[in-house]
Every structure is written in structure tokens, then in C-alpha cells.
Amino acid sequence: MLRVLIRKQLLELFKSFIINPKTGRRRSGWGLLSFVALLMALFAGLGVLFLNTTIGLGSVMVDLGLDWLLLSVMALVAMTMGLFGSVFNTFSSLYLPKDNEFLMSLPISSLKLLFARFIGVYVMSLLYSAWVWIPAVIGYWTLVPLSAASVLCPILMTFVIALVVSVLSCVLGWVVAKIASKAKGHSLVTMVVSLTGIALYYVIYFWAVEKLENLGQNAGEVASFMQQWFRYVSLMGRAAQGDFGAFATVVAVGVALTAVCLWVLSRNYGKLVLQNAHVGRTASKSYTFASTDSGTALLKREFVRFGANPTWMLNCALGLILMPAGAIFALVKAADVQAFMAEAPADAPVMTVLPVVVAGFICMLVSTDDIAAPSVSLEGKNLWIVQTLPVDMREVLLAKERMAVLLNVAAIMPTTIILGIVFGIPANQIVMMLAFVILFACVMTDAALILDISHLNLNWTEEVAVIKSGVSVAVALFGGWILSAAIVAVGIFASPRLGTEITLDIMIAVLVVVSLAMKHWLMPRAAKALSYAG
């Protein structure tokens, strides 16, 4: 039974590789090859960055005989990447799959079910941490003489690092589930606890990175620091270097932590699953409902769905946190910004270029708010409920669009105004920046909805498959970044020649035309396609 559960978990995890979400059929051999080639190209592109980082650090540290310190630093970076990649979906993967209640009704122990779910978390952690660790190991091999130990141990450490990351992710997921099961604001608590845990982890991480600066000058001090504060990580470095004693210790501790983690989690796994699925007795309450129009009712429905889904909020609304955070950071550094602006050469077109560049930066943050991208697919098997409502499908899509745009506007307005004031941008240009960024949010939201309908996936088992692996989410995110980079390029090259206001006017006009074309040509067709989906 355990083998069947693990196979099922892995098939669900890699379903997007095998099944085309648009057609629901198996990918052709060429389609699968193209998809894998795209992922490998992305892996290689970022891997070069970590490869160069390792070689740059290693050129100093290997000469000083601190190979283990180099590997320890890269192991720490790999663990950070692995935790960042897997932590957002651990809670939903362990406690929120739709088939949890069904599987628990079968004669399957909680430990076996939990272990199968853990394998999925481990595979995700392995993919993300290996993204850093494998290029780092290749860079290390270019700096040292190769031996059986120096080749074999780093390869095996890839799996140990992923194991440690999985344990950290599961612990955080358990804490979130435990708190959420006791709190009324289930999804809000989940989001707050997850973000707090991640924030604390990265505070510690960046504190460590600060201590690890200037390695060449303070190598002995840094080595002592690593051994004192990151003893287990320093053992990882020695194990990867080829120290079999350290390797045995690292593996033993990793396996022991995993065993303890699984045993503790399995003790109340079934209870937490049912509590987080809202199964059990609930107190009777009386409600008073006021009549309203269909558009308002659909909009409220979208807000309720979004607010009740922590995985959706954590993965697709990061910009709602980053935009205010950027504005606050700009206020804190206002004096430094103004001093920098004062030092700019008199003939430099800084103030001509700056409004468009700042608008492009805000658009990049807006791109991380791909709230609409999975919104239709998340309807899942319940799409028929929406289809049977006495409303036009265009109203349903409009409600999804309005929800995403309203959330973005709430963050865009204060962020744009604060950044404009800090950088000394004239008031009329701030208003134009606001209009441009809001239009950008509208266009990206409409494009995300159309993409989601064209690549509709209603046959998911875990919602995280739609939220993290959906084609519409990836295209909306990376496409938004590319467009934001293009906006910055336009600001740099066009603004000095045409002027700031003319450049913004042209860009606003382009977005208005694109937005009208989407609303009057593409959205009606998307609504018609949605009426017959499912």
C-alpha cells in the first residue's frame, strides 16, 4: 500500500509533465521533450549564476585551505533556496489535499499517508536545493584535485540537504496547521504564521551572509563563526569535502530528525487534517442576508474564496506585501535618495527618465500579483455551480477581474504616491504614473484570465498544482517581468528624446487600446469557452 501511495503522490506531483492541462490528455513525445528542455534551460540559466559565485568565492578560500567553508556557505544557500521553493506548498500538500478524508477512511495508517505526502515535499525540496547545490559542486570540482571522495560525497550530500529542507518545511507546515486549527481566522493565521516564519528564517540567513562578507580578509574569523553558530552546516561542508566521519554524522542526524518529525506529525495528523478541512461539529448560527445585485454578489464570492485560501494568497499576492514594503523602505531611505539625486550631473536626464523607470519598477511588483491566473482553474469540479447560475459568464469573469484589480489598486496608489514624493517627481506626472500602473494591472489581469481559460485545469487533486505549476501562472509572472523590463528600457531610451509626459501619454494610450481589445474581443470569447468547459 505504501508503494501505491508514493506512486500516486509522485504522479500528482509530475502530472503537468505527463498530462497537457489544456486537453487533459497525455503529452506527445515531442511535447514532453519540449517541456523538459524549457525547464532545463531555465535550470541552466540560473545555475550559471551559482557556478560563478562558487568559483569566485572558491578562488580565495581553496587557497587558504578552507574548502569545507566554501561548501558550507553554498549548502546554506541551497537550503535557503529549497526552503523558499517548498515552504509555501507544504501546508497545503500535507493537510489540504481533496482526497485526504477519502484516504483516511481506508485502512491506511496515518504514518503511511503522511510518509507518502512527505515524499512529495522531499522531491520539491530536492529540485529547488539542487538548483543551487549542483552548480556549486561543479564549480568546486574545477578548483580542487578530484578523488573518489571529493566526487562521491558532494553528490550524496544533494539528497541529505533536501532531507533537512524537507524537515524544516514540514515543521513550519505543522506549526501553521496547529495554529490554524485553533483559530477562527483560518486562512489569515496561516498566511501570517507562514510569512513570519519565513521572515525570521531570512533575517537569520542575511545576518549570516553579513558575517560571511570579506572572506579573504577574515577567513579565520568566518570559519570560527560558522563552527560556533552553524555547527551542523559546517559539518555538511566537511562531509561534502570528503570527510567520511562528518558525512556519517550529517546523515545520521538528518535521518534522525526526519524520523522524529514524521513520528511527531503522525501522532495527530488525522485530527489536524479533519480540523483544517472544517470537518466536525459546528455551532449553529443565524444569519441575515441582504439582497444585492449579481455583480456585487459575485465579487463578494471571489473575495471570500481568495480570503479562505492561504496557498493562493501566499503564492499569488506577494506584490501586495512587496509594494508597501518598498514604499516604507523608500521613506526610511528618503535622505539617502535625495542626496543621491543631488549628486547627479546637471546635464543628466535623471528627472526625465525617473518617472517611467519607477513606474516600470512598480509594474514588476504588480506582476507578482498573479491572483487571477489560477482563479478559474481553482473552481475545479465545482465549476458546474458557476455555470448553472442565472448570470452571464462575462459577469463571472468580470468579478474575478475586479477582485484582482481592486486588491492591486489598494497597494499601487500609496506605493506610487510615496515613491513619487520621495524621488521628487511632479504631481501631474505622479497622476500619470498612477494611471499607467493601474492600466498595466488591468491588462495583466485580463491576460491572466484568458490564459487560465485557454489552459484550464479542473482535474487537480491538490490546489497547489494549479497555483504553483499552472501554465497561466508562469506565463503571467515571467511575462509581466519581461514587460516591466521593456517599460524601463523605454523610459531610459525614449524619455530623454520625447519627454516624460509624452512618453507616458503614448504608453497609456497603448495600454488603453490593448485593454479595450481584450475586453471587447478576447473576453467574450473566453466567457463563451468557459460556459462549455468542464
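Thresholds, definitions, all that
Residues numbered from 1 in each chain as written. Predicted model: local features only at pLDDT ≥ 70, side-chain atom pairs only at ≥ 80, totals over all residues. Heavy atoms only, no water. Helix = DSSP H or I, 4+ residues; strand = E, 2+ residues; numbered from the N terminus. Contact = heavy atoms within 4.5 Å. Areas by Shrake-Rupley, 256 points an atom, 1.4 Å probe, with all protein chains shown as cover. Phe/Tyr/Trp six-rings, centres within 6.5 Å; stacked < 30°, edge-to-face > 60°. Buried < 20%, exposed > 50% of the residue type's maximum accessible area, 1.4 Å probe, protein only. Patch = residues over 30% accessible without salt bridge, like charges linked within 9 Å, V, L, I, M, F, W, Y side chains within 5 Å. Salt bridge = Lys/Arg side-chain N within 4 Å of Asp/Glu carboxyl O. Axes fitted to C-alpha atoms, helices over the stretch in contact; angles between N-to-C directions. Parallel < 35°, antiparallel > 145°, perpendicular 65-115°, else oblique. Left-handed = near helix turned anticlockwise from the far one by under 90°. Core = buried A, V, L, I, M, F, W, Y, C linked by side-chain atoms within 4.5 Å. Expected span 1.5 Å × (residues − 1). Bend = angle between axes of the 7 residues up to and from the residue. Lys, Arg positive; Asp, Glu negative; His and termini not counted. 1 Å grid on protein atoms, 1.4 Å probe; cavity = no way out; pocket = protein on both sides within 12 Å on 5 of 7 lines; lining within 4 Å. Points joined across faces, edges and corners; volume = space filled by probe spheres on them. Nonpolar A, V, L, I, M, F, W, Y, C, P; charged D, E, K, R; others polar. pLDDT = per-residue confidence, 0-100. Polar contact = N/O pair within 3.5 Å; in protein donor to acceptor, adjacent residues only side chain to side chain.

Take the overall build of the chain next. Secondary structure assignment for the chain yields 24 helices and two strands. Taking as baseline every contact in the chain between residues at least 6 positions apart, the subset at least 24 positions apart corresponds to 83%. When the accessible surface of the chain is summed, it comes to about 25,800 Å², and 70% of that surface belongs to carbon and sulfur atoms.

Under the criterion given, the structure shown has three aromatic pairs. Geometrically, the ring pair formed by Y128 and W131 is tilted, given 6.3 Å between the ring centres and 35° between the ring planes. Of the two residues, Y128 and W131 both sit in helix α6 (residues 110-141), three residues apart, roughly one turn of that helix. With relative accessibility at 16%, the residue W131 sits in the buried group.

Further remarks concern a nonpolar patch on the surface. A cluster of nonpolar residues, L42, L46, F361, M364, F478 and W481, forms a patch on the protein surface that exposes about 510 Å² of accessible area. Those elements that provide at least two residues to the nonpolar patch are α3 (29-61), α17 (350-367) and α22 (471-493). Within the secondary structure layout, L42 lies in helix α3. Judged by relative accessible area, which is 37%, L42 ranks as partly exposed.

For the rest of this paragraph, the subject is the pattern of salt bridges. For the structure shown, the criterion picks out nine salt bridges. A salt bridge links E401 to K519, with the nearest nitrogen and oxygen atoms 2.4 Å apart. Of this pair, E401 sits in helix α19 (residues 393-422) while K519 sits in helix α24 (residues 500-531), placing them 118 residues apart in sequence. According to the relative accessible area criterion, E401 is buried, its value standing at 5%. Ionic pairing is found between K519 and D446, a salt bridge with its closest N-O pair at 3.3 Å. Pair noted here: K519 is in helix α24 and D446 is in helix α20 (residues 427-454), with a separation of 73 residues, a long-range link.

Bringing the packing of α17 against α20 into the picture now. For the pair α17 and α20, the least separation of the axes is 10 Å and the interaxial angle reads 30°. Taken together, the axis directions place α17 and α20 in an arrangement best described as roughly parallel. For the pair α17 and α20, the sense of crossing is right-handed. Judged by residue contacts, P355, V358, A359, I362, C363, V366 and S367 of α17 engage Q429, M433, F436, V437, F440 and A441 from α20.

Within the largest apolar cluster, 39 residues are counted, with the highest numbers of intra-cluster contacts made by L69, W133, M157, I161, M236 and V250. Here the element with the most residues in this core is helix α4 (residues 67-95); it accounts for 12 residues. Excluding residues that lie within four positions of it along the chain, I161 makes contacts with A75, A78, M79, S129, W133 and M236. Among the nonpolar cores identified, the runner-up in size contains 36 residues, and C316, A372, A476 and A526 belong to it.

Moving on, we come to helix α10 (residues 231-241). For α10, the buried fraction is high: eight of the 11 residues fall into the buried class. Taken as a whole, α10 has its buried residues at Y232, V233, S234, L235, M236, G237, A239 and A240.

When two helices pack together, their arrangement is captured by the angle between the axes and the distance separating the axes. As a packed pair, α6 and helix α11 (residues 244-267) sit with axes 9 Å apart at the nearest point and diverge in direction by 125°. The pairing of α6 with α11 is recorded here as oblique in orientation. In this structure, the crossing between α6 and α11 has a hand that is right-handed. On α11, the residues that touch S110, L111, L114, F115 and F118 of α6 are T258, L262, L265 and S266.

Tracing the chain through its elements places Q429 in helix α20. Accessibility expressed as a relative area gives 10% for Q429, which makes it buried. In this structure, Q429 is in contact with P355, T500, E501 and L504, ignoring residues within four places of it in sequence.

What follows covers α6. Taking 1.5 Å of rise per residue, 32 residues should cover 46 Å, and α6 covers 43 Å from first to last C-alpha, within 8% of that figure. The sharpest bend along α6 comes to roughly 45°, located at A130. Counted residue by residue, α6 has 23 buried out of 32 residues, so it is predominantly covered.

To continue, consider the side chain of D67. Within the element layout of this structure, D67 appears in helix α4. It turns out D67 is buried and unbridged, and the closest side chain with the opposite charge, R238, is 9.3 Å from it.

Moving on to empty space enclosed by the protein. For the structure shown, the criterion picks out four cavities of 30 Å³ or more. Estimated volume of the largest cavity: approximately 80 Å³. V366, S367, D369, D370, I371, A372, N408, A441, M444, T445, A448 and A476 together form the lining of the largest cavity. Secondary-structure elements contributing two or more residues to the lining of the largest cavity are α17 and α20. Per-class residue counts for the lining of the largest cavity are seven nonpolar, three polar and two charged.

Residues with a pLDDT of 70 or more make up 82% of the chain, whose mean pLDDT is 80. Of the regions scoring below 50 in pLDDT, residues 279-283 engages in two contacts with residues more than four places distant in sequence or in other chains.

Looking now at the environment of S150. Take S150: it is sitting in helix α7 (residues 148-182). For S150, a relative accessible area of 4% gives the class buried. Sequence separation between S150 and Y140 is 10 residues; the distance between their C-alpha atoms is 9.3 Å. For S150, the contacting residues outside a window of four places in its chain are W141, P145 and Q241. Only 2.8 Å separates the side chain of S150 from the backbone nitrogen of S147, close enough to count as a polar contact.

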